[in-house]
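Here's the letter readout for the chains.
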Amino acid sequence: MNALSRFAADKTRSAGYGILVVAVILLGVIPLLMESLYSLHILVMVFFYVIAALSLRAIVISGQFPLGHAAFMGVGAYASGMAAKWLHLPPELTIPGAAVFTMIIGVMVAVSFSRLRALYYAMGSLFLGVAIIQILNAGGTWTGGYSGFSGITPMFGNSKVSWYYAALGLMILSAAALYRFEFSRIGTNMKAISQSHLVAESVGINEAKYRILAVAIGSFFVGLAGAGYAHYMGTIATSSYNFMATMWLFMYVLVGGVNNFFGPIVGSFILILIPEYFRSLKTYSPFISAGILFLFVYLMPGGFAGLIQAAVARVKSWRRERARDVAAD
Amino acid sequence: MEQVVATIFNVLILSSMYILVALGFAFLFNMLGILNLAHGAVYMVGGYIGFALINSAGVNPWVAILIATLIMAGFGVVLERFCFRPFTGDFNRIVMVGVGINVVLQTAVNALLGTRMQALPSFFDGYLRFGVVSVSYQRITIFLIGAALLVLVSWFVRRTKHGQQMQAISQDIEGAALSGINVHRVSALACAIGSGMAALAGCLMGSYLMLSPYMGDLMLIKALVLVILAGIGSIGGIFVTGLILGGLDAVAPVIFDGAVADAIPYIVVVVVLLLRPRGFFGREA
Amino acid sequence: MALLETRGVTVHYGKSLAVEDVSLRVEEGDVVSIIGANGAGKSTLLRALMGLKPVTDGEIFFGDEKIDGMRTNEIVKRGLILVPEGRRLFPYLSVLTNLRLGASLVEDKDEIEKTLKDVYRLFPRLKERRNQKAGTLSGGEQQMVAIGRGLMGKPKLLCMDEPSLGLAPIVVEAVGEAIKDINGKGVTVLLVEQNVHLALEVASSCYALQVGRVVMSGDMDTMRSSDVVKKAYLGG
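Structure report, in brief. (Residues numbered from 1 in each chain as written. Chains lettered and ligands numbered in written order. Predicted model: local features only at pLDDT ≥ 70, side-chain atom pairs only at ≥ 80, totals over all residues. Heavy atoms only, no water.)

All names here are of chain C. Overall, mixed pairing links the 6 strands, which are arranged β6-β7-β8-β3-β9-β10 in an open sheet. The two strands at the open ends of the sheet, each matched to only one other strand, are β6 (80-83) and β10 (213-219). With strand direction ignored, the average angle separating the axes of adjacent strands in the sheet is 15 degrees. Looking at chain direction, strand β3 (residues 31-35) and strand β8 (residues 188-193) are connected through 5 bridges and run parallel. The residue of β8 that forms the bridge with Ile34 is Val192. Sitting on the sheet, helix α6 (residues 139-152) is in contact with β6 and β7 (157-161), with an inclination near 170 degrees to β6. (Pairing = 2+ DSSP bridges. Helix = DSSP H or I, 4+ residues; strand = E, 2+ residues; numbered from the N terminus. Axes fitted to C-alpha atoms, helices over the stretch in contact; angles between N-to-C directions. Contact = heavy atoms within 4.5 Å.)

This part takes up empty space enclosed by the protein. This structure, assessed with the given rule, holds 4 cavities of 30 Å³ or more. Taken as a whole, the largest cavity encloses approximately 50 Å³ of empty space. Taken together, Leu178(B), Ser179(B), Ile81(C), Leu82(C), Val83(C), Pro84(C), Gly102(C), Ala146(C), Arg149(C) and Gly150(C) form the lining of the largest cavity. Listing elements by their share of the lining of the largest cavity, those giving two or more residues are β6 and α6 of chain C. A class-by-class count of the residues in the lining of the largest cavity yields 6 nonpolar, 3 polar and 1 charged. (1 Å grid on protein atoms, 1.4 Å probe; cavity = no way out; pocket = protein on both sides within 12 Å on 5 of 7 lines; lining within 4 Å. Points joined across faces, edges and corners; volume = space filled by probe spheres on them. Nonpolar A, V, L, I, M, F, W, Y, C, P; charged D, E, K, R; others polar.)

Let us look at the sheet that holds strand β2 (residues 16-26) of chain C. All names here are of chain C. In spatial order, the strands read β2-β1-β4-β5; together these 4 strands make up an open sheet with antiparallel pairing. The sheet terminates laterally at β2 and β5 (65-66), the two strands that pair on one side only. Strand direction decides the pairing type here: strand β4 (residues 57-62) and β5, joined by 2 bridges, are antiparallel. Looking at the pairing, Phe61 lines up with Lys66 of β5. Running at roughly 115 degrees to strand β1 (residues 4-13), helix α1 (residues 42-49) makes contact with β1, β2 and β4 of the sheet.

Attention now goes to the pairing of β7(C). Residue and element names in this part refer to chain C. Where burial is concerned, most of β7 is hidden: 5 out of the 5 residues are buried. Side chains of β7 alternate between two faces, with Leu157, Cys159 and Asp161 and Leu158 and Met160 buried alike. Two elements, β6 and β7, share 4 bridges in a ladder whose sense is parallel. Looking at the pairing, Ile81 lines up with Leu158 of β7. (Buried < 20%, exposed > 50% of the residue type's maximum accessible area, 1.4 Å probe, protein only.)

Right, let's get into unusual backbone geometry. For Lys282(A), which is not glycine, the phi torsion reads 50 degrees and is therefore positive. In this model, Val211(C) sits at a positive phi of 30 degrees, which is unusual for a non-glycine residue. Tracing the backbone shows Val211(C) in the loop between β9 (205-210) and β10. On the accessibility criterion, Val211(C) (74% relative accessible area) is exposed.

To continue, consider the packing of aromatic side chains. In this description, an aromatic ring pair is defined by two values, namely the gap between the centres and the angle between the planes. Counted according to the given criterion, the structure contains 28 aromatic pairs over all chains. Considering the side-chain rings of Phe48(A) and Trp163(A), the 6.2 Å spacing of their centres and the 65 degrees angle between planes classify their relative orientation as edge-to-face. A residue pair is termed long-range when its members are at least 10 positions apart, and Phe48(A) in helix α2 (residues 37-60) and Trp163(A) in helix α6 (residues 160-182) qualify at 115 residues. The pair formed by Phe48(A) and Trp163(A) is uniform in burial state, with each residue classed as buried. Pairing Trp163(A) with Tyr232(A) gives two aromatic rings, centres 5.2 Å apart and planes at 70 degrees, and the pair type is edge-to-face. On the criterion of sequence distance, the pair formed by Trp163(A) in helix α6 and Tyr232(A) in helix α9 (residues 207-233) is long-range, its members being 69 residues apart. When its relative accessible area of 4% is taken as the criterion, Trp163(A) is described as buried. Members of the aromatic cluster, connected to one another through ring pairs, are Phe48(A), Tyr49(A), Phe156(A), Trp163(A), Tyr229(A), Tyr232(A) and Tyr252(A). One residue, Lys53(C), lies across the ring of Tyr13(C), its end atom 4.4 Å from the ring centre. Across the ring face of Phe90(C), the terminal group of Arg149(C) is positioned such that the distance to the ring centre comes to 4.9 Å. (Phe/Tyr/Trp six-rings, centres within 6.5 Å; stacked < 30°, edge-to-face > 60°. Lys NZ or Arg CZ within 6 Å of the ring centre and 35° of its normal.)

Counting 200 residues, the largest nonpolar core has Met123(A) and Phe127(A) as its most contacted members. Looking at this core element by element, the count peaks at 18 residues for α2(A). Setting aside its immediate chain neighbours within four residues, Phe127(A) contacts Ile221(B), Leu224(B), Val225(B), Ile228(B), Val269(B), Val270(B) and Leu273(B). Counting residues in each nonpolar core, the second largest holds 78 residues, with Val11(C), Leu96(C), Leu122(C) and Met160(C) among its members. (Core = buried A, V, L, I, M, F, W, Y, C linked by side-chain atoms within 4.5 Å.)

A side chain with one charge can pair with a side chain of the opposite charge if their charged atoms come near. Residue and element names in this part refer to chain C. Tallied over the full model, the rule gives 25 salt bridges over all chains. For Glu177, the salt bridge identified is with Lys180, shortest N-O distance 3.7 Å. Here Glu177 and its partner Lys180 are both found in helix α7 (residues 169-184), 3 residues apart, which amounts to about one turn of the helix. In this structure Glu177 comes out as partly exposed when scored by relative accessible area, which is 42%. Given the relative accessible area of 38%, Lys180 is considered partly exposed. Measuring nitrogen to oxygen at the nearest pair gives 3.1 Å for the salt bridge that ties Lys180 to Glu201. Of this pair, Lys180 sits in helix α7 while Glu201 sits in helix α8 (residues 196-202), and the two are 21 residues apart along the sequence. (Salt bridge = Lys/Arg side-chain N within 4 Å of Asp/Glu carboxyl O.)

All names here are of chain B. Structurally, Thr241 is set in helix α10 (residues 236-255). For Thr241, a relative accessible area of 3% translates into the label buried. Among residues more than four places away in sequence, those in contact with Thr241 are Leu226, Leu229, Ala230 and Phe280.

Attention now moves to the pairing of β4(C). Here is the key point about a regular strand: its side chains alternate between the two faces of the sheet. All names here are of chain C. Here β1 runs beside β4; their pairing, made up of 5 bridges, is antiparallel. What sits directly across from Thr10, in β4, is Asp57. What sits between the antiparallel neighbours β4 and β5 is a turn of 2 residues, in which Gly63 has the positive phi angle 65 degrees.

Next up on the list: the interface of chain C and chain B. In this assembly, 22 residues from chain C lie in contact with 18 residues from chain B. Carbon and sulfur atoms make up 57% of the surface buried where chain C meets chain B, a total of about 1,900 Å² over both sides. When the area that chain C buries against chain B is broken down by residue, the three leading residues are Arg88(C), Phe90(C) and Tyr92(C), summing to 29%. At the boundary of chain C with chain B, the tally comes to 6 residue pairs in polar contact (both at pLDDT 80 or more). In the side of chain C that touches chain B, the residues fall into 13 nonpolar, 5 polar and 4 charged. (Buried area = accessible area lost by both parts, 1.4 Å probe. Polar contact = N/O pair within 3.5 Å; in protein donor to acceptor, adjacent residues only side chain to side chain.)

Bear in mind that shape data such as this cannot, by itself, settle questions of function.
So, in C-alpha cells, the structure goes:
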C-alpha cells in the first residue's frame with residue numbers, strides 16, 4: 001500500500017471512528033431526552049439482540065452456520081433464570097455463569113461436528129436447538145414448560161433507565177471484545193479458513209481448532225445476551241428461541257451486511273426499530289419486516305454495509321476524477 | 001388392540017405426510033443446494049386454501065384439494081423463477097428470501113383468516129370395523145391418498161425422462177447442463193411438484209389434525225430432519241427416515257406426557273446425527 | 001465458413017485473466033487440437049464455448065450464429081457438445097440412463113435408438129455394462145460413457161477436454177482410435193490435450209496455448225517441426 005492510499009484509508013477509518021463516537025454519545029443521552037419508557041424498553045431489547053447478532057456473526061465468519069443459535073440464547077436465559085430463581089444465586093453471578101455454561105454446550109456440538117463439512121454442523125446445531133427447546137418445554141415447573149418461565153430475579157430495582165445503561169454498557173463491552181477478537185491474528189486466520197479450506201490447510205492452520213474457538217466465543221456471547229435479557233424481562237418463553245428466532249438473528253446479520261463488523265449492529269436496529277415504528281398496523285406489521293428483507297435481497301445484496309461501501313467507493317472515484325480533471329487543466 | 005391399530009394408522013399417516021413434504025424440499029436441496037425456507041409455509045397455505053374453498057366457497061372437498069394443490073404448484077414455479085433462480089449459489093440471499101416469503105404467507109393467512117386453529121371437514125363419515133377394532137374411513141382415505149402419491153412420485157423420479165433429469169442434476173449439475181438438460185426448466189418443474197405435494201399434504205393434515213398459521217415452521221424442521229438423516233442426495237432414504245420419525249411422533253405420546261413426547265423424537269435425532277453425521281444413506285464422502 | 005470461430009475471446013476468473021484475446025477457427029470435418037500446459041486456459045476456453053463461463057470480451061460463432069451469451073442447453077441443441085474434463089457422469093444412474101440423458105434434446109425416438117447402437121458399436125464394453133451404475137466403472141470405461149453421452153446428443157462439433165487424463169497408455173490408444181472413428185463418421189472434433197502425442201496423432205491442425213494466449217498455430221507438420229512444441233512438450 002502506498003502512502004497516499006494509506007492516508008485515504010486512515011481518513012475513512014477516522015471518519016468511521018467519528019461516527020461511532022457520535023452514535024455512542026447519542027445513545028448515551030437518549031434516556032435524558034426521552035420520556036417514553038416504552039421506547040427505552042425497545043432500545044434495551046435492541047441492545048441485547050445486537051449482542052446476539054454479533055455473536056452469530058463471529059461464528060459465521062469462520063465459515064459455519066449455527067442454525068440453532070437462538071436456542072443457545074435460550075440456554076443462557078434459562079440457565080441464568082433457573083439458577084437465580086431456584087438456587088437463589090445473585091444474577092451478577094448467574095449471568096456470567098450462564099454464558100460460560102452456554103459456551104460449554106456450544107463447544108460440545110462444535111467438537112462433535114468439527115471434522116465434517118459445514119453443512120453438518122449447521123444441521124447438528126439446528127436439531128440440537130430444537131431438542132433444547134423441546135426439553136425446556138418438557139421441564140414442568142422447573143422451566144415453566146409451554147406457558148413460559150416467570151419470576152426471574154430482577155435487577156436494578158426494575159428501573160428502565162438503569163437497565164438501559166446496563167444493556168448499553170454490556171453491548172459496547174461485548175462489541176469491543178468481539179472486535180478485538182475478529183482483528184486479532186486468530187480472527188484473521190479464522191477468516192482465511194472460511195475463504196478456503198485447502199489454502200488454510202496448506203499453510204498449516206488447524207481448521208478444527210479455529211472453528212471450535214469461533215463457536216466457543218459466539219456461544220459465550222449469545223448466552224450472555226440471553227441471560228441478561230431474561231433478567232430484564234422477568235418472564236421468558238421457549239418460542240423466543242426457536243428456529244425462526246435463529247433465522248431472524250441471521251436476518252439482522254445479513255441485512256446489516258455480513259462482511260462488515262458493524263453490519264449486525266445496524267441490521268438489528270433496522271429490523272427491530274422500523275417494524276416497531278409501524279406497530280399500529282397490528283396483524284399486518286410483519287409485512288414491513290418482509291418488505292425490508294426483499295428490499296435488501298433484490299436491491300442491496302451486500303446489506304447496509306455494502307451500500308455504504310459502494311457509496312464511499314463512488315465518492316472516491318468521483319473525487320479522483322475531479323482531481324484528474326483539475327490536473328489536466 | 002384398539003389402541004394398537006389406531007397407533008399404527010397414526011404412524012402410517014404421519015410418515016406419509018412427512019415424506020410428501022420432505023421429498024419436495026429434497027428435490028431443490030439435492031439439485032441446487034437450495035435451502036427452501038418457504039416450503040413449510042407453502043404446506044400451510046395449501047391447507048388453508050383447501051379449508052377456505054370448502055368452508056367459504058362450498059366447493060366439493062376433492063375439488064378443493066385439487067385446486068389448492070394446483071395453485072401452490074403454480075406458486076412453486078413463481079418461487080423458483082423469481083426467488084431462487086436469480087440467487088443460485090448465494091446461500092445468504094436464498095435464506096433471506098425464504099424467510100421473507102415465509103413471513104408474507106403467515107401474515108397473509110393471519111390477516112385473512114385469523115390465528116384461530118381450523119380444521120378441514122371430513123370427506124368420509126363412518127368407520128371400517130373388523131371385530132372389536134374400528135378405523136375411520138377418513139383416516140384410511142388420507143393414508144391411501146398419501147401412499148398412492150408417494151408411489152406415483154417414486155415412479156416419476158425413477159422412470160420418467162424428467163425424473164431422471166432431476167436425478168442427473170442432483171448428481172452432477174454441470175454434467176446435466178452439458179447433456180443439454182434445461183436445468184432451469186427442470187428446477188421449476190421440481191419446485192412445482194414439490195410445492196404441490198406440500199400443499200396436498202397440508203390439506204390432508206388439516207383434516208387429520210388442525211390448521212394453524214405456524215404449522216409450517218414445525219413441518220419444515222421435520223422435512224429437514226428427514227432429508228439430513230436420510231443423507232444428502234438420497235431420495236429413497238427419506239422413506240425410511242420418514243417412517244422412523246413418523247413412528248416416533250406417533251408412538252411417543254402413547255407412552256409419555258405431552259411435552260416429553262414432543263421432546264423425545266428430537267433427542268433421538270440428535271443422538272442419531274452424532275452417531276451417523278452423514279445420515280443413513282448419504283452419498284458424499 | 002468455419003464451423004466454429006472465436007474472435008478475440010477473453011475470459012476472467014474473478015479478477016484474474018484466464019483466456020486472453022483467443023481467435024481460432026475449426027473447419028467442418030477437421031480434428032483440431034488445442035495443446036498447452038496446466039493452467040494455460042484450455043478448459044476455461046471450452047467452458048466459455050459452452051456458455052458455462054461468460055466471456056468478458058470477444059465473440060463466438062457456431063456456423064453463422066453468434067452463440068456467446070446463450071444458455072448451455074441452447075448451445076448443445078445447435079450441435080456443439082462438450083465431453084468435459086473429469087467426465088462429469090451421473091454416478092448413481094446406470095450407463096444406459098447416462099447415455100440416454102445425453103440425448104435429452106433429441107426428440108426422435110428412433111434416432112435415439114440408432115445413435116445408441118452406434119455408440120455400442122464404437123464401445124462394445126458399454127453394452128455389456130449398460131445396467132451397471134456409471135460410478136462403479138473403471139476410468140477408461142467412464143471416459144467411454146462420457147464420449148458416448150456426448151455422441152448421443154448428435155453433435156456437429158464434439159469438444160473433448162483431456163480425454164486421456166489418468167488413463168493407462170493402452171486405453172489412451174483406444175480413445176485415439178475412437179476419435180478417428182468419430183471423425184470418420186463426419187463429426188468435427190476439437191480436442192484439448194496435455195498429452196501432445198495423442199493430439200499430434202489424431203489432429204490435422206493445432207493451436208498451442210500459453211498463459212491464456214495462443215502462442216502458435218498451424219497444421220500438424222508445422223507444429224511437429226516447431227522448436228517451441230518440441231521444447232515444451234515433446235522433451236526436446
